[in-house]
Amino acid sequence: MIRISVKTKVKPEEVIERAKKYFSEELGLKLTDVNPCCAYFEGAGGHVKVSLSVNDNTEVEVESREWEHQAKEFLKNL
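Just so it is clear, the model here is predicted, and its values are computed rather than measured.

When helices and strands are counted, the protein chain shows two helices and five strands. Its helices and strands in sequence order give the protein chain the pattern β-α-β-β-β-β-α, from N to C terminus. Against the globule reference of 12 Å for 78 residues, the protein chain gives a C-alpha radius of gyration of 11 Å, in line with a compact fold. If you line up the protein chain on its principal axes, its C-alpha atoms span 35 × 20 × 15 Å. When the 78 residues of the protein chain are sorted by exposure, 36% land in the buried category. Restricting the contact set of the protein chain to residue pairs at least 6 apart, pairs at least 24 apart contribute 46%. Here the protein chain has roughly 4800 Å² of accessible surface; of this, 44% comes from carbon and sulfur atoms. In the protein chain, 12 positive and 14 negative side-chain charges are present, and the distance between their average locations comes to 2 Å.

Counting 19 residues, the largest nonpolar core has Phe23, Phe41, Val48, Val50, Val60, Val62 and Phe74 as the members making the most contacts within it. For this core, the elements supplying multiple residues, two or more each, are helix 1 (12-26), strand 3 (38-43), strand 4 (46-54), strand 5 (58-65) and helix 2 (68-76). Ranked by residue count, the leading element in this core is helix 1, at five residues. The contact partners of Val48, leaving out residues within four places of it in the chain, are Phe23, Leu29, Ala39, Tyr40, Phe41, Val62, Glu63, Ser64 and Trp67.

Two strands pair when backbone bridges link them, and strand 3 and strand 4 are joined in this way by six bridges, in the antiparallel orientation. Within the sheet, the bridge partner assigned to Glu42 lies in strand 4 and is His47. Hairpin connection of strand 3 to strand 4: two residues between the antiparallel strands, including Ala44 at a positive phi of 55°. Two elements, strand 4 and strand 5, share eight bridges in a ladder whose sense is antiparallel. Bridging across to strand 5, Ser53 finds its partner in Glu59.

Rules used throughout
Residues numbered from 1 in each chain as written. Predicted model: local features only at pLDDT ≥ 70, side-chain atom pairs only at ≥ 80, totals over all residues. Heavy atoms only, no water. Helix = DSSP H or I, 4+ residues; strand = E, 2+ residues; numbered from the N terminus. Rg over C-alpha atoms; globule rule 2.2 N^0.38 Å. Buried < 20%, exposed > 50% of the residue type's maximum accessible area, 1.4 Å probe, protein only. Contact = heavy atoms within 4.5 Å. Areas by Shrake-Rupley, 256 points an atom, 1.4 Å probe, with all protein chains shown as cover. Lys, Arg positive; Asp, Glu negative; His and termini not counted. Charge placed at Lys NZ, Arg CZ, Asp CG, Glu CD. Core = buried A, V, L, I, M, F, W, Y, C linked by side-chain atoms within 4.5 Å. Pairing = 2+ DSSP bridges.

So this is what it looks like as structure tokens:
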């Protein structure tokens, strides 16, 4: 399990949309919860949680079990 974060200038709503597209549409994880500050995905024995903190920039934190490589790729592409 990992927990990693990055700061980005991408707007919070865009981060959530990108997370839904990547983790759900591209990787096939089931979106089990979503709101303006976070999204939670499950599948293949693991999970991914994307959480946001908004100040001057958007801080995006991803917690993942069994999807560590994909979580790193998601953050790298923000």
